[in-house]
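Structural overview for review
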Amino acid sequence: MHLSKIFFLIIVCLFADASENKLFAQLSKIGTVKGVLTDSLASEPITGATVSIFTRGDTSLVSSVISKADGSFSFDQVSFGQFLLSFSFTGYETTYMPFAISAETAGYDFKKLHLTANPAVLQNVVVTSGPVTVKGDTTEFNAANIKTIPNATAEDLLKKIPGIEVDKDGSVKAQGEPVTRIFVDGKRFFGNDPKMATRNIPTELIDKIQIIDAQTDESIFNGFDDGERIKTINIITKKDKKKGIFGKASLAAGTNGRYAAGASANRFNGDQQTSFVTQLNNINSQNFSSQDITGSQNNNGGNSAGLNTTKAAGFNYNNTIGKSLVINGSYFYNNVDQLSINNRFRETFVNGDSSLFNTNSLNGRNDNSNQRLNAQITYNIDSFNTVMIKHESSLQHTAINNQSESFTTRGKIVPLNSVSALSLSATDGMRMDNSVLFRHKFGRSGRSINFNLNYNLNSYDREGQTFSEIDRPNLAIDTIDQMNAQLRGGTSYGMQVSYVEPVSSTAVVEVSYRYNASENTSDQQTYRRMDAKDDYSLTIINLTNYFENSNAAHRLSASYKKQVNKYLNYSAGMGVQASTASSNNITRNSFIENNYINLSPTLNVQYKRSRYANFRFVYRGNTRQPSITQLQDVINNSNVTNIRTGNPNLKQEFDHSFNLRYNGYRPKSATNLTITLDGSKIVNRIGTAYIINSSSDSMQVEGYTLVPGAQFTRPENLGGVFDIGGSINYSFPIVRNVANLSLGSRLQYNRDVMAMNKINSFIHKYSMSGTAKLTLSIDRQFDLNFKSTTRFNKAVYENEPNRNGDFFNQVIGFEPTYVSKSGWMFSNDIDYGINRGQTAGFNQSAMLWNMSFGKLFLKKQQAELKLSVFDLLNQNINIRRNIEVSYVEDLQDQVLNRYFLLSFTYNLKNFSKGGNRRSDRS
């Protein structure tokens, strides 16, 4: 086709007038449906109602949406045919209305639809909705069918939902996958921090819990489903709780100087949500997820490890203004001051030689402060144009003071070194991400053009001091006394433009171009004392370096999505990316540049035999660039037995990954089955190359003196890495709405690689785990959670079969709670842990038993006085094992032990009576 004709067609597409909708509908056989839901008596808009379209013949689900803040709903692409429109909301009658989409009625407007309240009430709870509803990628649970004790939170409710697991630290898994976002009424609650919602939203506000395989924000905004999914939970609040004030305040004091205080306040007024939370305690309790942007926080097992003093406060705001503007924003500050004692025993493997055994004890303090700000504004300029502005930023300050003692031997007899070390550091970090998305819809339904601009900043500023004494047999003590400063910074920016075009009534094409670029610098300066009076004036040349890195990539891609029939749809795409990566070592006057051409295929297949069962397969190919820390070839000797450097010759990784998933639900038996299979293969995987000095003499490595028992590591591209795993989760009611049993199992295989003393070594890791969870709720008086998790791990070393090993651990948890009608409470939380196959001294079993006794009083039992004891048997331990290619280690961390705590909590509940159809469940 002549270029002038192509240009003419593009101009026609871009500037086609909306008045041509009827002509486009006749050609594409696609129409639109819209309307507004209101209460039949109060004439108020109904938010969060489920609106679905079914085929009139076999009532197969076509599509489903949730009504917006003003009660409106819309469907953009509905093929010609005869349909039923269903709209339902807890407390209202479910209604079906017939309609048809044709060339004459391509834009079907129901205008105002009135929902009628259903008077059928059982114990003040409307029971018109079924316990579980499956709608496309959403599984919805009716909270009215899940009983919880008074003053419980969303976390307590989630524990009782089949297919959901809640760990002790508050992390959530749904259908075997980690949940990374929890929304409230479809809106972010304190950014993307799941714990802020699960630990601060009371159950009595909750109407429904939705588990969603959600598209990304960009995919939803652009209107093209690329197959990428984010496991998301949406908490839908009750309609009669959308206007009012609620929250709680608590104070507690205990033995051993333990204390806790906290408060939350929330004001909901329709679509306007305002929330405030604050927390202060020294009992290792955090109602938020930690965030680390500098890599300065100790990785010691989470909230249960160490002795933590926590201070936190935050503010969240959501609002929909009119029909066009949606605002979301939050600010959160937290400080965690951690005192820790860590004991570690590590066996490091050396090819063709005896293992090195290292015993290390660390006594440290990590004072970490973090601020994070999130904001999102979505503005519907008109029916054709929408803009979304997003901002996320974090500030972090960390001060670390660590003292350690370590002892290394060859075999278990020959001593190599003994090291005493003191490390002090102060680190400041900043990260800021900004993006602007703009979408223009054309007159033809489904046609759009989308623009995405992003700009990101990051910085890292660290100053530290290291003092080490190295004692070796028959040699004088070697002392290292140095100060170092690291300053890193970077910017990245990019743009993307994509065009979406329906090519038939059942197929859509997206064509996009993306450009990304980044510039990063890293300056490391290290100084040593000349003598005891010197103020670190001597620069250590091989520990000092200034380094620059830049990346630029152009990517052109095309994707095709087709609805084959009412059961099957798929999308397939191919991207070609041309990129350039350069590394400039200013100090050494060395410059390296690499150019890459990559093909990035994608495939997404979804098969839905019914509304209750679906199958999804996703394949993706992606590149990953090495970080500036991995590229900068400067020596880091902050740990004198583990010397590190970078590698400017690193190539980018390419990851082939796939995920296959089946989810099925049977309404009659209320059973749910989820099966997954996933895997990945990484080309040019950035692994680690080790040089280990297992001799009794020092050796030179790249100009650095490596003492006996120490290792020198650098990143290298290594091949042969892949993993594959599968899981199955099955849940069913023993007694419907009273007792539920969930069973889960996962098998995982991983092949990893390293280079040790220039010889590649492979490790095969096998892991098996099984989980059984029983939840029992009898009215709101007796509550029981039982959970057993068993894990078995086996490591097979390809080059050194004599190093093969396995270990086993099991945790059995039991949580019974009884609340009398008069408000007396008795609660237990018991965990029994078993460890086998670990190093002598680490194969311990222990029972952690927490118990509390209290009384609910005042109106609606809003106040609570409680006496608690933590670790009743004084057996709390924290033991774990890490298996890596080059070593196996066992660790034990200091933890809180037995203390008593007396607490008072007051729950505020003040909701407007206007439009109230139901009473509080409390």
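All of the points below concern the structure found in this document. (Residues numbered from 1 in each chain as written. Predicted model: local features only at pLDDT ≥ 70, side-chain atom pairs only at ≥ 80, totals over all residues. Heavy atoms only, no water.)

A short note on the sheet that holds strand β14 (residues 177–178)
As summarised here, the arrangement of the three strands in space is β12-β13-β14, forming an open sheet in which the pairing is antiparallel. Every other strand in the sheet has two partners, leaving β12 (164–166) and β14 as the edge strands with one partner each. Where β12 meets strand β13 (residues 172–174), three bridges bridge the pair, whose relative direction is antiparallel. Across the sheet, the residue bridging to E165 is K173, located in β13. (Pairing = 2+ DSSP bridges. Helix = DSSP H or I, 4+ residues; strand = E, 2+ residues; numbered from the N terminus.)

Some remarks on the pattern of salt bridges
Within this structure, the stated rule accounts for 36 salt bridges. Notably, a salt bridge pairs R199 with E155, separated by 2.9 Å at the nearest N-O pair. Of this pair, R199 sits in the loop between α4 (194–198) and β17 (206–214) while E155 is found in helix α3 (residues 154–158), placing the two residues 44 residues apart along the sequence. Of the two residues, R199 and E155, both sit in the buried class. (Salt bridge = Lys/Arg side-chain N within 4 Å of Asp/Glu carboxyl O. Buried < 20%, exposed > 50% of the residue type's maximum accessible area, 1.4 Å probe, protein only.)

Regarding the sheet that holds strand β4 (residues 72–79)
The mixed open sheet is built from three strands, whose spatial order is β4-β1-β7. The two strands at the open ends of the sheet, each matched to only one other strand, are β4 and β7 (107–115). The sheet shows a mean angle of 20° between the axes of neighbouring strands, taken without regard to direction. (Axes fitted to C-alpha atoms, helices over the stretch in contact; angles between N-to-C directions.)

So, the nonpolar core
Core analysis: the biggest nonpolar cluster contains 37 residues, and L158, I164, I206, I209, I233 and I235 have the highest contact counts within it. Listed in part, the 18 residues of the second largest apolar core include V33, V51, F83 and I101. (Core = buried A, V, L, I, M, F, W, Y, C linked by side-chain atoms within 4.5 Å.)

Notes on unusual backbone geometry
Even without being a glycine, K111 presents a positive backbone phi close to 55°. You can see K111 is positioned in strand β7. Note on K111: relative accessible area 60%, which makes it exposed. Residue N684 is not a glycine yet carries a positive backbone phi of 60°.

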